[in-house]
Amino acid sequence: MTSTIAAPRSPYARAPRKNGVNWEKWGWIYMRVSGVVLVVLIFGHLFVNLLVGEGVSALDFAFVAGKLSNPFWQWWDVSMLWLALIHGGNGMRTLVNDYATTRVARGILKSAILVAVVVLIVLGTLVVFTFDACPAGQPADLLPTFCQAL
């Protein structure tokens, strides 16, 4: 009677296919697409802020206030904010998956990353869309000089 002993499974053999959404694949695709879009957004931001007009010497509170009063630049900055924070959070999640040794540590670290990303996105979005350089009812000596001309 001969018995056949199965060879040990190769660590490189593919795992059986699971049903459902492949989140790792979509995360990988997001990182590539968001990286390309971020490069365009960041270089556009730098070009407008540093090279167009008076250059870096024009960067002051009035410049930022004027820029944040324009809906185009609001959406430009919010797009940069959201893409960069989600991109960075996804990258940190990947590092946690690679280097955290226990399931509990991975869960705690990924939860902390998620909370940080959500809080920063909410606060940053609120700042961009609710920014008012000349709030009504404030003492004139506390407002920027360009508000007094309005």
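Residues numbered from 1 in each chain as written. Predicted model: local features only at pLDDT ≥ 70, side-chain atom pairs only at ≥ 80, totals over all residues. Heavy atoms only, no water.

- By the naming in an unreviewed UniProt entry, the chain goes by Succinate dehydrogenase and is assigned to Cryobacterium arcticum.
- Under the Subcellular location (unreviewed entry) heading, UniProt states for the chain: "Membrane". (UniProt positions renumbered as here; feature names shortened; annotations may be inferred.)

Structural notes on helix H1 (residues 23-51)
Right, on to step 1. For H1, which comprises 29 residues, the first-to-last C-alpha distance of 40 Å matches the rise-based estimate of 42 Å (1.5 Å per residue) to within 8%.
Right, on to step 2. For H1, the complete set of buried residues consists of Gly27, Met31, Ser34, Leu38, Leu41, Gly44 and Asn49.
Right, on to step 3. On its buried side, H1 packs onto helix H2 (61-68) and helix H3 (71-99).
Right, on to step 4. Immediately beyond the C-terminal end of H1, within one or two residues, lies Gly53, with a positive phi of roughly 75°. (Helix = DSSP H or I, 4+ residues; strand = E, 2+ residues; numbered from the N terminus. Expected span 1.5 Å × (residues − 1). Buried < 20%, exposed > 50% of the residue type's maximum accessible area, 1.4 Å probe, protein only. Contact = heavy atoms within 4.5 Å.)

Re the packing of H1 against H3
Right, on to step 1. Viewed as axis vectors pointing N to C, H1 and H3 meet at an angle of 140°, and their least axial separation amounts to 9 Å. Put simply, H1 runs oblique to H3. When the axes of H1 and H3 are compared, the crossing they make is left-handed.
Right, on to step 2. A breakdown of the residues in the contact of H1 with H3 according to their chemical character gives 15 nonpolar, 10 polar and 3 charged. (Axes fitted to C-alpha atoms, helices over the stretch in contact; angles between N-to-C directions. Parallel < 35°, antiparallel > 145°, perpendicular 65-115°, else oblique. Left-handed = near helix turned anticlockwise from the far one by under 90°. Nonpolar A, V, L, I, M, F, W, Y, C, P; charged D, E, K, R; others polar.)

With respect to H2
Right, on to step 1. What H2 keeps buried is the set Ala65, Lys67 and Leu68. Looking down the long axis of H2, one finds its buried residues gathered within 165° of arc, a one-sided arrangement.
Right, on to step 2. Where H2 is buried, its residues contact H1, H3, helix H4 (103-130) and helix H5 (145-148). (Arc of directions from axis to C-beta.)

A word on a nonpolar patch on the surface
Right, on to step 1. Residues Val39, Ile42, Phe43, Leu46, Phe47, Leu50, Leu51, Val52, Val56 and Leu59 make up a contiguous nonpolar surface patch of about 910 Å² in total accessible area.
Right, on to step 2. Looking at where Leu46 falls in the secondary structure, it is placed in helix H1.
Right, on to step 3. Take Leu46: its relative accessible area is 36%, and that puts it in the partly exposed class. (Patch = residues over 30% accessible without salt bridge, like charges linked within 9 Å, V, L, I, M, F, W, Y side chains within 5 Å. Areas by Shrake-Rupley, 256 points an atom, 1.4 Å probe, with all protein chains shown as cover. Salt bridge = Lys/Arg side-chain N within 4 Å of Asp/Glu carboxyl O.)

Thoughts on the UniProt feature "transmembrane region" (unreviewed entry) in the chain
Right, on to step 1. Under the local residue numbering, the UniProt record ascribes the feature "transmembrane region" (unreviewed entry) to residues 29-52, 72-90 and 111-131.
Right, on to step 2. Between the end C-alpha atoms of residues 29-52 the distance is 33 Å, and the span holds 96% helix and 0% strand.
Right, on to step 3. Taken end to end, residues 111-131 is 95% helix and 0% strand, and its two terminal C-alpha atoms sit 30 Å from one another.

Describing the layout of surface pockets
Right, on to step 1. Here the largest pocket is characterised by a volume of approximately 280 Å³.
Right, on to step 2. Around the largest pocket, the lining comprises 14 residues; the ones closest to its centre are Ile86, Gly89, Asn90, Arg93 and Leu114.
Right, on to step 3. Elements represented by at least two residues in the lining of the largest pocket include exactly H1, H3 and H4.
Right, on to step 4. Of the residues forming the lining of the largest pocket, the biggest block, 6 residues, is contributed by H4.
Right, on to step 5. Classifying every residue of the lining of the largest pocket by side-chain character gives 9 nonpolar, 3 polar and 2 charged.
Right, on to step 6. Around the second largest pocket, the lining residues are Arg17, Lys18, Asn19, Gly20, Val21, Asn22 and Trp23.
Right, on to step 7. Here the residues of the lining of the second largest pocket are counted per class, giving 2 nonpolar, 3 polar and 2 charged. (1 Å grid on protein atoms, 1.4 Å probe; cavity = no way out; pocket = protein on both sides within 12 Å on 5 of 7 lines; lining within 4 Å. Points joined across faces, edges and corners; volume = space filled by probe spheres on them.)

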